[in-house]
Every structure is written in C-alpha cells, then in structure tokens.
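# A structural walkthrough
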Amino acid sequence: QVQLVESGGGLVQAGGSLRLSCAASGRTFSNYGMGWFRQAPGKEREFVAAITSSGRSTYYADSVKGRFTISRDNAKNTVWLQMNSLKPEDTALYYCAVAVLPTRRRDDYDYWGQGTQVTVSS
C-alpha cells in the first residue's frame, strides 16, 4: 500500500506560478515511477508529467512542455510539479500517482492521491 498526499494548489493569476508537492509513504519510494495527472470539470483525467524512479528521465504532455517541470527527491519521498506561465486552461484538480514504470496512461498507475485544486484566473 502506498499513501500519497498532494499539496500546493491554490488560486493564481494567468502568467503566475505554483509548485505542487506529493509526499509518499508506505513503500520504497525510490523503486517507483511517479506521475502527475489533472482533471477539469466535465473532462477526462489527463496526463501531465511523469518521472522515472531514478529521476533521470521525464515526460510531459505537449500542452505543458516548456512550462512545467517534474522533479523528485527520493531521500524525502517527495515529487514536485513546478508550474510556470500558468493559463486558465490549466485549471483542474491535480493528482499524483505511482507506477512501476511511468507512462502517459492512467491505467498503468496503481495508487493515487486525493488531489489538489489549481485555479488560474484570467
């Protein structure tokens, strides 16, 4: 069992920045890939970013590439999502998730947090 707790969401103006955190417990964090997904009202949950267990490789959705950065610290059991140049269309509930191998597919992730709300005003 893995427990994930997201934090760092909030209300920000367009062009602003937020840094989301995801604290993990329950298993050896360094053995697993991590991903961030988001879900806006009335839409499917979509892939945002992922990082391998070592942190050496990262993957991004085209919509956030160049604006968002995923990183992790295995000693702190934490993964972050730095979000810059935020747009109103980034407004969503953001989730972190655990996978053996991080992919862009929701079904490949075994454990999910409860989510943290990000709202970007225009």
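Residues numbered from 1 in each chain as written. Predicted model: local features only at pLDDT ≥ 70, side-chain atom pairs only at ≥ 80, totals over all residues. Heavy atoms only, no water.

## Thoughts on the state of the cysteines
For the structure on display, the rule yields one disulfide. The partner cysteine of Cys22 in its disulfide is Cys96, sulfur to sulfur 1.9 Å. Taking the torsion about the S-S bond as the criterion, the Cys22 to Cys96 disulfide, at about 55°, is right-handed. Taken together, the positions of Cys22 in strand β3 (residues 18–25) and Cys96 in strand β9 (residues 92–99) put the pair 74 residues apart, joining distant regions of the chain. Accessibility classification places Cys22 together with Cys96 in one group, the buried group. (Disulfide = S-S within 2.5 Å. Helix = DSSP H or I, 4+ residues; strand = E, 2+ residues; numbered from the N terminus. Buried < 20%, exposed > 50% of the residue type's maximum accessible area, 1.4 Å probe, protein only.)

## Brief notes about the side chain of Thr116
Within the secondary structure, Thr116 is located in strand β11 (residues 116–121). A polar atom in the side chain of Thr116 sits 3.1 Å from the backbone nitrogen of Gly9. Filtering out sequence-adjacent residues up to four positions away, Thr116 remains in contact with Glu6, Ser7, Gly8, Gly9, Leu20, Ala92, Leu93 and Tyr94. (Polar contact = N/O pair within 3.5 Å; in protein donor to acceptor, adjacent residues only side chain to side chain. Contact = heavy atoms within 4.5 Å.)

## Some remarks on the packing of aromatic side chains
What the rule picks out here adds up to five aromatic pairs. Geometrically, the ring pair formed by Phe37 and Phe47 is edge-to-face, given 5.7 Å between the ring centres and 75° between the ring planes. Remark: Phe47 occurs in strand β5 (residues 46–51) and Phe37 occurs in strand β4 (residues 33–39); sequence separation between them is 10 residues. Comparing Phe37 with Phe47 shows no difference in burial state: the two are buried. Taking 6.0 Å as the distance between ring centres and 55° as the angle between the ring planes, the aromatic pair formed by Tyr109 and Trp112 counts as tilted. Taking relative accessible area as the criterion, Tyr109 reaches 5% and is therefore assigned buried. What makes Trp112 partly exposed here is its relative accessible area of 25%. Here the aromatic residues Phe37, Phe47, Tyr95, Tyr109 and Trp112 are joined through ring pairs into a cluster of three or more. Taking the ring centre of Phe29 as reference, the NZ or CZ of Arg72 above it sits at 4.3 Å. (Phe/Tyr/Trp six-rings, centres within 6.5 Å; stacked < 30°, edge-to-face > 60°. Lys NZ or Arg CZ within 6 Å of the ring centre and 35° of its normal.)

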